[in-house]
Amino acid sequence: SQKIEQNSEALNIQEGKTATLTCNYTNYSPAYLQWYRQDPGRGPVFLLLIRENEKEKRKERLKVTFDTTLKQSLFHITASQPADSATYLCALGVNYQLIWGAGTKLIIKP
Amino acid sequence: EPEVTQTPSHQVTQMGQEVILRCVPISNHLYFYWYRQILGQKVEFLVSFYNNEISEKSEIFDDQFSVERPDGSNFTLKIRSTKLEDSAMYFCASSGGASGELFFGEGSRLTVL
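These remarks concern the structure in this document. Bear in mind that the values here come from a model prediction, so they are computed numbers and not experimental data.

### Let's talk about the overall build of chain B
So, point 1. The number of helices and strands found in chain B is zero helices and 11 strands.
So, point 2. Sequence-ordered secondary structure for chain B, helices as α and strands as β, is β-β-β-β-β-β-β-β-β-β-β.
So, point 3. Its C-alpha atoms give chain B a radius of gyration of 13 Å, within 12% of the compact-globule value 13 Å for 113 residues.
So, point 4. Judged by the C-alpha coordinates and their principal axes, chain B covers about 35 × 25 × 25 Å.
So, point 5. Burial status across chain B gives 42% buried among its 113 residues.
So, point 6. Excluding contacts between residues fewer than 6 apart, the proportion of contacts in chain B whose partners are at least 24 apart in sequence is 52%.
So, point 7. When the accessible surface of chain B is split by element, carbon and sulfur atoms take 46% of a total near 5,800 Å².
So, point 8. Between the mean site of the 9 positive side-chain charges and the mean site of the 15 negative ones, chain B shows a separation of 5 Å.

Structure follows, in structure tokens:
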């Protein structure tokens, strides 16, 4: 069956450390993958897009990797700050449709 | 910065009533979407709209749901006869390209009693 999985439990990280979130999928062949941030009661906000032929993308303190062999994307936030606390969603781009993961709640402790 | 706007921010309705949720996408975008998110659960795709017609819809988007772009700016979601399980946050999103980033509105919270 087709699945997209993100860490279901909240991830607690000390301020200043690197937070790493995972997005695993099975039985999909995404052409691209997107990461979004969602704060409580608000709409998701786009962060990064990575295509199937790209291994890594960076934007300021954010880095995304995409391994189509492992069927996995990793999302890193370096020098994490309490303001980075939110739920992070990955979404697979399949046939121009986005298939969403359930999200991982990230908590950055001061 | 351009943004997607949604109204109302919160609507409470009785079961069986019709509800219309409104969205103003970003003006030069071509692709429009409705998603819903039940409290504490994942974002669920409802429907996508391009070139004045539905391009994709999910199993959730049954005959009770319809979408319209009545003029050049608004994009509406109608739920004909609401059920308790329709209670959720409904997000509108728009995109400039088929595989581009989605810009989401702040959502319309629907509570069906």
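### Re the sheet that holds strand β3 (residues 19-26) of chain A
Residue and element names in this part refer to chain A.
So, point 1. Read from one edge to the other, the open sheet built from five strands follows the order β1-β3-β8-β7-β6, with strand pairing classed as antiparallel. Two strands close off the open sheet at either side, each with one partner strand: β1 (3-6) and β6 (56-59). Averaged over all pairs of adjacent strands, the angle between their axes in this sheet comes to 15°, without regard to strand direction.
So, point 2. Summarising the sheet, strand β7 (residues 62-67) and strand β8 (residues 72-77) pair through six bridges and their orientation is antiparallel. What sits directly across from Thr-65, in β8, is Leu-74.

### What to know about the nonpolar core
Soluble globular proteins tend to pack their nonpolar side chains together in the buried interior.
So, point 1. One finds Leu-33, Trp-35, Phe-75, Tyr-88, Leu-92 and Leu-106 of chain A to be the most contacted residues of the largest nonpolar core, which totals 25 residues.
So, point 2. If you tally residues by element for this core, the top one is strand β9 (residues 86-94) of chain A, at five residues.
So, point 3. Within the second largest apolar cluster, 21 residues are counted, among which are Val-4, Ile-26, Phe-32 and Leu-46 of chain B.

### A short note on the interface of chain B and chain A
So, point 1. On the side of chain A, 19 residues touch chain B, which itself brings 16 residues to the contact.
So, point 2. Of the roughly 1,500 Å² buried where chain B meets chain A, counting both sides, 54% is carbon and sulfur surface.
So, point 3. The interface formed by chain B and chain A includes one salt bridge.
So, point 4. Our enumeration of links across chain B and chain A arrives at seven residue pairs in polar contact (both at pLDDT 80 or more).
So, point 5. Contributions of two or more residues to the side of chain B that touches chain A are made by β4 (31-37), β5 (43-50) and β9 (88-95) of chain B.
So, point 6. Grouping the constituent residues of the side of chain B that touches chain A by class yields eight nonpolar, four polar and four charged.

The rules behind the values
Residues numbered from 1 in each chain as written. Chains lettered and ligands numbered in written order. Predicted model: local features only at pLDDT ≥ 70, side-chain atom pairs only at ≥ 80, totals over all residues. Heavy atoms only, no water. Helix = DSSP H or I, 4+ residues; strand = E, 2+ residues; numbered from the N terminus. Rg over C-alpha atoms; globule rule 2.2 N^0.38 Å. Buried < 20%, exposed > 50% of the residue type's maximum accessible area, 1.4 Å probe, protein only. Contact = heavy atoms within 4.5 Å. Areas by Shrake-Rupley, 256 points an atom, 1.4 Å probe, with all protein chains shown as cover. Lys, Arg positive; Asp, Glu negative; His and termini not counted. Charge placed at Lys NZ, Arg CZ, Asp CG, Glu CD. Pairing = 2+ DSSP bridges. Axes fitted to C-alpha atoms, helices over the stretch in contact; angles between N-to-C directions. Core = buried A, V, L, I, M, F, W, Y, C linked by side-chain atoms within 4.5 Å. Buried area = accessible area lost by both parts, 1.4 Å probe. Salt bridge = Lys/Arg side-chain N within 4 Å of Asp/Glu carboxyl O. Polar contact = N/O pair within 3.5 Å; in protein donor to acceptor, adjacent residues only side chain to side chain. Nonpolar A, V, L, I, M, F, W, Y, C, P; charged D, E, K, R; others polar.

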